[in-house]
Amino acid sequence: MRTQALLLASVAVPLFGAACFLLATLRPRPGWRLTAWVSPACAALSLGAAIALAVVRSGHGPVTALGGLVRADSLSEFMLIVIGAVGLLATAASPAWLNAEIAARRASPRAAAKHSALVQLFLAAMAAAVLTASLGLTWVAIEATTIVTAFLVGQRKTRQAVEAAWKYVMICSTGIALALLGLLVLNAAAAHAGLPAGLDWTRLVAAAPHLNRGVTRIAVALLLIGFGTKAGLAPLHAWLPDAHGQAPAPVSALMSGVLLSVAMYAILRVKVIADLALGTEYTRTLLLILALASLLLAASLLISQRDYKRMLAYSSIEHMGLLALGAAAGSPLAVAAVLLHMLGHGLAKGSLFISAGRVLQLTGTHRIDRVSGLASRAPLLAGCLGLGILALLGFPPFSLFASELGIARAGFASGLGWVTTVALALVLVIAAMLLTHVSRMLLGPAPAATEGGLAAGAAPPQAGTERASTASVIQNGSVATLAPPAIYAAETAKPAAMFPDSGLLPVVVALAACAVLGVYAGPVTTLLHAAAQAVVTP
Amino acid sequence: MNALGVTGGVLQAVIVTGGAPVLTGVMRQVRARLEGRAGQGIRQPWRDLRKLLRKEAITPEGTSELFRLAPLVLLATTFTAAVTVPFVTTASAAGPVADLFAVVALLAMGTATLALAALDTGTAFGGMGASREMTILALVEPTLLVSVFALSVRAGSTNLAAIVAATVHDPVRVISPASLLAAVALGVVTIAETGRIPVDNPATHLELTMVHEAMILEYAGPDLALIELASSMRLVVFLGMLSSLFLPWGIATALTPLALAGGVAAFAAKVTLLGAALAAGEVFMAKIRLFRVPELLAGSFLLALLAVASSYFLTGPNL
Amino acid sequence: MNHTAFVELLNLACGALLVTAVLILWRRQLAAIIRWFTVQGLALTAIAAIIAVDGHDARLGAIAAGVFALRVIALPLLLRRALARAEADGGGRALRETSPLVNVTASLLAAAVLTLLAYAVSRPVVQLTPASPAAHAIPIGLAVALIGFFALVTRRRAMSQLASFLLMDNGITAVGLLTTAGTSLIMELGISLDVLFAAAVLQVLTSRVRDTFGHADLDELRELRD
């Protein structure tokens, strides 16, 4: 009873939060500052429930609820913790970010309430995706995340944002439709082997050796391409840089940090069935192709990147490629490393996107070459950005060092020596690029007073509507056409009103957690190994 | 070559030659009545033929024997097709000639000869008509072959007599997707090959919009009479193919006078109905522009291809 | 119903499914596309209903009713509303697809190739249950999905892309119905809701694209590139 309540809490709590915010859209103005904190509270509750569930259930078998619809084994629990952790990070940083947007007249309290409601629905959908016992319902939940985030991506209503939202929904829906076709074909094979309709994962795994090989091959290929679209793997990755680059910072943090990992979770579930039905060679080859293509793409397109949020998005593609490589290796060590990487990448990428959002609010420009000298202007922000990049690149003591090392070791051990070497070389190239770009942003002298963007919290422009102002600010990433106050003056004038440094506190905590995790995994280790076992020998 | 086939052939020769101008008359009358005119009467095409035959035979300067031979070749090939394709009975007068490819080749030969004759005149309109007609022919031949081929898959042979016999013995086949798709494709083919709206307007007086009429601008007298007769017979052959392949009721399977009479009556009725429907449709449609014709023909080719695919892969109830 | 009638009716419905897909690819006027899409929804409902009646399956009957509600009523209504708004914004002219990336003749020939490809690829699935007439029609569903995907990739206007996406989804649903008569009821409900909401979201985004860019020609969206 207790475990079942804990199970359902991860979905029910965000839904409750969404309802609160939907009510708030009706009367946004009074008490917005207080309502904003409902979001992190819900996320904290979900994370607490996930951790409690893992503790309570440790050592026992999987637990089900709602008549077998919902099922939690070690893998789902770990994913719940990832969702909870990155969710807490993003929602804890949201109030400060949203307040800065409201102060800059780029958003109204009603829009902020709508944003928060959609984010809560997003979290609920992702939790549902990892908790359902049936592959079909996982599909339904993942498609639901596309629908919910569509309006979040296009929130700013600029030309780029609308274009990004259209491409995002179209490409993701098409890819996920291919996954649906794969599910239906798998259903045909399952029915032929005597299973009842419903694509229950445990039953599929049990009957996997009896599934028709030809049909399963077609189904697995379609499923990998379909869910790979949602995970940002090549070839249907084109939506990722646009969507993650144009979405508001907390949403980008969630999408890059968690949503891609949830799609990867679906791929892992499919891999279990495929390995039992077809032997490991088939999925391994497919995943290797996807992994190498993604890494190659990320490396080639990062070299001449000019927009720092797109740069972070391409880095996400790289990390998803690494995860696919680890999944291809397939040993328990590899899968444990993959799962740890999901958590570490979520925390690091989330921190980076939130810091990048803050940079955008400060400087008003998307372009890397227009931002310089952050270290002298905003030391805490520069520190977060710098440490975040170091975490992302896999420097010790952050946990990504351990997970990337684990994936490489597993790759060599599984006979994927050449592929792993190529992958590591590409990772090195990407690391060099990222360091170059970010150091250009952090180091160097601050720009002169006449140059510089529209600072958040400075006097709002007199001209036109909110849309016109955002359009003129963001047009082609260039500088505002109105005469802005000097960024120096604005910064020193009213720092507290814009974005209190306490807004970056969640980022600092997340990076610290990432570092601690890299040194001492502690209780997470048992959960990781149990989850890896669930994938390798279910 | 059996008695049933020979009898059928003789009957068809008489009916098609005699009834083709009547069909043209019926179609013109239907169109006239729908457009609110009194019309010329059903027997007007025969009166026109009689008038033309009494005129002086004249050929333009600079044309060769081809010009004089073309009407004869056209009439001969159309007559052969009319005699061999099984309309009234399920057997053909000349067994091997009733093969799909032979019949299509015969009909194409007639058109190609006429186009050559149009080029022979050396006039601008002759050349224009010839080039347009050959473009349409080149696009329509594959569709014709593929759509009848779709029907031949079920029957197991490309001989038209075998296909018609199979359809008569199993009329339920007509409502299968392969058959319906092939019917639509053949309908478009008929319209294109016989030069009706929306591909070509048979009643136009503007030379720049002509396709078939432009080719025969230089013909007069008995030659023109032969060509008009052959064109009408061509229309009867195509409509007869449609009726034999997709409306198999009434076709004679035995050599009794009752069956034969029934076959003749059914053939006449079906062709007249199809012709009247075609004429009625023409009243409501407009001719499409020439560069849109390939689109229409590509679409009908796609439908024919889908018909073949369906006939190969969809099981019938007996398989 | 006896076996012959079942097979003939099923084949007829599948043929109608394929022909409407070809017509949607062929026609360029959006109003005509929506009309043929509605007819295709009817064909899809017919497929589900025929299999339900033959197998005396109540669950499949419920699925057929769901298909009818979604694809004959809800989705065409959504599309028609979007079209009406687009025409109102555009000043009342009938909306056509402005020259697709591949011309109509080539698209139709590509559709022929895709149909043959569908037959080749889906052989293993058909061989699973060779005695079932429904299984033999699976390539038709796959062909419709591929034709929808091709149309999606070669259209320029946002609304045509939306209609092509729904066409692809129709094909995938047909495959689902023909393989094992669908999946569990909850999954069907979830999938239908997802499709409905995705279409609604796309419709709203279409009008936003038009408002922001002044037109709905997606080829002109070049702001985001590397």
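The residue count restarts for each chain, going from 1 along the sequence in the order it is written. Numbering of ligands from 1 and lettering of chains from A proceed in the order in which they are written. For a predicted model such as this one, the threshold for reporting local features is a pLDDT of at least 70, and the threshold for listing and counting side-chain atom pairs is 80 or more; totals across whole chains, interfaces and linings nevertheless cover every residue. The side-chain quantities take in all heavy atoms of the structure and omit both hydrogens and water.

Within chain B one finds 11 helices and 0 strands. Secondary structure elements are defined from DSSP: runs of H or I of at least 4 residues count as helices, runs of E of at least 2 residues count as strands, and each element is numbered from the N terminus. Order of helices (α) and strands (β) in chain B, N terminus to C terminus: α-α-α-α-α-α-α-α-α-α-α. Its C-alpha radius of gyration of 19 Å places chain B within 12% of the 20 Å reference for a compact globule of 319 residues. Counting across all 319 residues of chain B, residues that qualify as buried make up 54%. When contacts within chain B are restricted to residue pairs at least 6 apart in sequence, those whose partners lie at least 24 apart make up 80%. C-alpha atoms define the radius of gyration in this analysis, and the globule rule sets the expected value at 2.2 Å times the number of residues to the power 0.38. Only protein chains enter the area calculation, which uses a 1.4 Å probe; residues under 20% of their type maximum are buried, those over 50% are exposed, and those in between are partly exposed. We call two residues in contact whenever any of their non-hydrogen atoms come within 4.5 Å of each other.

Looking now at unusual backbone geometry. Only a minority of non-glycine residues have a phi that is not negative, and only a minority of peptide bonds are not trans. Note the cis peptide between A:Ala234 and A:Pro235, where omega equals 5 degrees. Inspection of the secondary structure assignment puts A:Pro235 in the loop between helix H9 (213-231) and helix H10 (239-246). B:Pro198 follows B:Ile197 through a cis peptide bond whose omega is 10 degrees. Looking at the secondary structure, you find B:Pro198 in the loop between helix H7 (177-193) and helix H8 (212-215). A positive phi angle is found at A:Arg105, which is not glycine, with a value near 60 degrees. Structurally, A:Arg105 is set in the loop between helix H4 (74-103) and helix H5 (109-131). Residue A:Arg105 is classed as exposed on the basis of its relative accessible area, which comes to 55%. Phi at C:His56 takes a positive value of approximately 50 degrees, unusual for a residue other than glycine. Tracing the backbone through its elements, the reader meets C:His56 in the loop between helix H2 (30-55) and helix H3 (58-90). Accessibility expressed as a relative area gives 71% for C:His56, which makes it exposed.

Turning our eyes to something else, we now look at the arrangement of the chains. Among the 2 pairs of chains in contact, the pair with the most contacts is chains A and C. Considering only C-alpha positions, the minimal separation of the non-contacting chain A and chain B is 18 Å.

All right, on to the domain arrangement of chain A then. Residue and element names in this part refer to chain A. Here the limits of each domain have been adopted from an automatic or database domain assignment. If you check the domain split of chain A, you get domain 1 (1-130), domain 2 (134-278) and domain 3 (299-455 + 512-538). Between domain 1 and domain 3 lies a buried interface of about 1400 Å² when both sides are counted; carbon and sulfur atoms form 81% of it. Accessible area that two parts lose when put together, with a 1.4 Å probe and added across both, is what the buried area reports. When the area that domain 1 buries against domain 3 is broken down by residue, the three leading residues are Leu 75, Phe 78 and Leu 89, summing to 39%. Polar contact is the term for a pair of N or O atoms within 3.5 Å; when the atoms are in protein, one must be able to donate a hydrogen and the other to accept it, and sequence-neighboring residues count only if both atoms are side-chain atoms. On the surface where domain 1 and domain 3 come into contact, there are 2 residue pairs in polar contact (both at pLDDT 80 or more). A per-element tally of the side of domain 1 that touches domain 3 places H4 first, with 15 residues. The class makeup of the residues in the side of domain 1 that touches domain 3 is 13 nonpolar, 1 polar and 4 charged. Only Asp, Glu, Lys and Arg are considered charged, only Ala, Val, Leu, Ile, Met, Phe, Trp, Tyr, Cys and Pro nonpolar, and every remaining residue, Gly among them, polar.

Two side chains carrying opposite charge are able to pair once their charged atoms lie near each other. Criterion for a salt bridge: a side-chain nitrogen of Lys or Arg within 4 Å of a carboxyl oxygen of Asp or Glu. Applying the stated rule across the entire model yields 15 salt bridges over all chains. Two residues, A:Lys167 and A:Asp242, come together in a salt bridge whose shortest N-O distance is 2.6 Å. With A:Lys167 in helix H7 (residues 159-192) and A:Asp242 in helix H10, this residue pair connects regions lying 75 residues apart in the sequence. Judged by its relative accessible area of 25%, A:Lys167 falls in the partly exposed class. Salt bridges sharing common partners tie together B:Arg31, B:Glu35, B:Arg37, B:Arg196 and B:Glu282.

Another aspect to go through is the interface of chain A and chain C. Taken together, the contact pairs 49 residues of chain A with 45 residues of chain C. Approximately 4300 Å² of surface area, both sides summed, lies buried where chain A meets chain C, with 75% of it carried by carbon and sulfur atoms. Area buried by chain A at its contact with chain C is led by A:Arg159, A:Glu163 and A:Trp166, which between them contribute 18% of it. The set of elements that each furnish at least two residues to the side of chain A that touches chain C consists of helix H6 (135-153), H7, H9, H10 and helix H13 (308-329) of chain A. Among the elements that line the side of chain A that touches chain C, the one with the most residues is H7(A), at 21 residues. Each residue belonging to the side of chain A that touches chain C can be placed in one class, and the counts come to 28 nonpolar, 14 polar and 7 charged.

Moving on to the environment of B:Gly110. Residues and elements named next belong to chain B. Relative to the elements of secondary structure, Gly 110 occurs in helix H4 (residues 100-120). Along the sequence, Gly 110 and Leu 75 sit 35 residues apart, while their C-alpha atoms lie 7.7 Å from each other. When sequence neighbours within four positions are dropped, the list of residues in contact with Gly 110 reads Leu 74 and Thr 77.

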